[in-house]
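# Results of the structural survey
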Amino acid sequence: MKTNHMIGITPAHDQPRFDRLHDLGIQWVREGYTFPFAERIGGPLSDAFLHSEEQIERYLSEGFQVLASFPGPGSMRYSAEAGKTVYVRSMPEWMGDVGSDGYWQALSETAQWLAQRTKDKITWWQVANEPDIDIFYGPLTQEQNIRYLMTVARGLLKGSPDAQPGINLGYINDYARMLMKAMYAIPDSPFTYLGIDGYMGSWQLGGPQTWKSYIDETARLSGKPIIINEWGFSSLQWGEKYTDLERKNHYNQQVCYDKHWQYTWGKGHTPEEQARYVRLCQQIFAEHPAVIGNFFFRWSDTAACWQCGESDCPAECAWGCVDVEQNPKPAYYALQEGNRTLFG
């Protein structure tokens, strides 16, 4: 049994069933802050930030520890206002253009402010989200992307010297290797751990066994302990297929377009195979010496895909260990068993 392991989940839910979260054996949640300042550094706090802060306070009051995420520069996502998928900035317009001196100064001061505000409650930080994937780094150049991540990490440490920052890679690719070389394999790296995400058998080829080589390579290249910030297996293989005339034509990638998974594993994307995937992955995480924590993605299924807005899209609708109504799926009981027997 592995001890001192961060047993976690990404809730991504405004009203989670805390009784079921506790029964799952979860000790940590991965929850994000939005950008705090509505008009200027030190000015009024935005409603969105106050809501995110309230959510994190609820988890803390329920006895969970929090791996907090600092917002990234933005993401490609479905915008109801625009009626299509567009790149949406996470940083307010008053900061100016990415690359301007004012932008970097405001970013650094905000990271320092947030770390100082939360230093008695939050120690572990995820800086941005999957910065090796173009959906998230968007228009930022390679140099700007690195500067963004380093600026936030160093700002967090200024605000709280005990902060433990890390990034989370979307998967292993040449861009991810470049980021590890530029930010981890340096003498003054501000990063304590490396987070890695993976959906082998869904977004990527492979299955649970693929995690072994992925962890081995990232641990070697980063020289840091590994936290599995995201992992899971979708329980929905197919959504409703549309003709070209019926399509809404807003999507990031082929899964949203086709409404089915190109990659799969085992007997396919079903609730039963999701549970089997969970059991096999937990065993691998428990046995690998470099892994110090894992955060299952995610708590519940969703009513609509955040990438395309459709209600039956395999891409984002069926990752939960509970359904939309928070009723346990087979994966819930698989996670529960592994949390108790493998991680104590």
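Residues numbered from 1 in each chain as written. Predicted model: local features only at pLDDT ≥ 70, side-chain atom pairs only at ≥ 80, totals over all residues. Heavy atoms only, no water.

Looking now at the packing of helix α5 (residues 142-159) against helix α6 (residues 174-183). Their axes nearest at 11 Å, the elements α5 and α6 cross at an angle of 50°. The pairing of α5 with α6 is recorded here as oblique in orientation. Crossing handedness for the pair α5 and α6: right-handed. Where α5 abuts α6, its residues Q142, N145, I146, L149 and M150 lie against Y175, M178, L179, A182 and M183. (Axes fitted to C-alpha atoms, helices over the stretch in contact; angles between N-to-C directions. Helix = DSSP H or I, 4+ residues; strand = E, 2+ residues; numbered from the N terminus. Parallel < 35°, antiparallel > 145°, perpendicular 65-115°, else oblique. Left-handed = near helix turned anticlockwise from the far one by under 90°. Contact = heavy atoms within 4.5 Å.)

Here we come to the layout of surface pockets. Estimated volume of the largest pocket: approximately 1,700 Å³. As for the largest pocket, its lining consists of 50 residues, of which R77, N129, F136, E230 and W306 are closest to the centre. For the lining of the largest pocket, the secondary structure elements donating two or more residues are β2 (28-32), α2 (47-61), β3 (65-70), β4 (74-79), α4 (134-137) and α8 (254-258). (1 Å grid on protein atoms, 1.4 Å probe; cavity = no way out; pocket = protein on both sides within 12 Å on 5 of 7 lines; lining within 4 Å. Points joined across faces, edges and corners; volume = space filled by probe spheres on them.)

One pass over the full model with this rule turns up 29 aromatic pairs. Aromatic side chains F18 and Y59 sit 5.6 Å apart centroid to centroid with 75° between the ring planes, which places their arrangement in the edge-to-face category. A residue pair is termed long-range when its members are at least 10 positions apart, and F18 in helix α1 (residues 18-23) and Y59 in helix α2 qualify at 41 residues. On the accessibility criterion, Y59 (1% relative accessible area) is buried. Between the aromatic rings of F35 and W94, the centroid separation amounts to 6.0 Å while the plane-to-plane angle is 65°, which identifies the pairing as edge-to-face. Separated by 59 residues along the polypeptide, F35 in the loop between β2 and α2 and W94 in the loop between β5 (84-89) and α3 (101-118) bring together distant segments of the chain. (Phe/Tyr/Trp six-rings, centres within 6.5 Å; stacked < 30°, edge-to-face > 60°. Buried < 20%, exposed > 50% of the residue type's maximum accessible area, 1.4 Å probe, protein only.)

Between its first and last C-alpha, helix α9 (residues 271-287) extends 25 Å over 17 residues, near the 24 Å set by a 1.5 Å rise per residue. Inspection of α9 places E273, Q274, A275, Y277, V278, C281, Q282, I284, F285 and A286 among the buried residues, and these make up the whole buried set. Residues of α9 that are buried in the fold lie against α7 (210-222), β10 (226-231), β11 (291-297) and α10 (330-341). (Expected span 1.5 Å × (residues − 1).)

In this fold, Q126 is placed in strand β6 (residues 124-127). Given a relative accessible area of 2%, Q126 falls into the buried group. The residues touching Q126, leaving out its near neighbours within four places in the chain, are R30, L67, A68, S69, F70, G166, N168, Y193 and N229.

Here the focus is the sheet that holds β10. Ordered in space as β7-β6-β3-β2-β1-β11-β10-β9-β8, the nine strands form an open sheet in which the pairing is parallel. With partners counted over all chains shown, the strands left at the sheet margins are β7 (164-166) and β8 (168-169), one partner each. Where β8 lies against strand β9 (residues 194-198), two bridges are found, and the strand directions are parallel. Pairing of N168 across the sheet is with G195, part of β9. Those strands touched by α9 are β10 and β11, and its axis lies near 175° from that of β10. (Pairing = 2+ DSSP bridges.)

What follows is about empty space enclosed by the protein. Going through the model one piece at a time under the given rule, you end up with two cavities of 30 Å³ or more. There is about 40 Å³ of room inside the second largest cavity. Surrounding the second largest cavity, P73, A128, N129, P131, F136, Y137, N145, Y148 and L149 form its lining. Going through the elements one at a time, α4 and α5 are the ones with two or more residues in the lining of the second largest cavity. Looking at which element gives the most residues to the lining of the second largest cavity, the answer is α5, with three residues. A class-by-class count of the residues in the lining of the second largest cavity yields seven nonpolar, two polar and no charged. (Nonpolar A, V, L, I, M, F, W, Y, C, P; charged D, E, K, R; others polar.)

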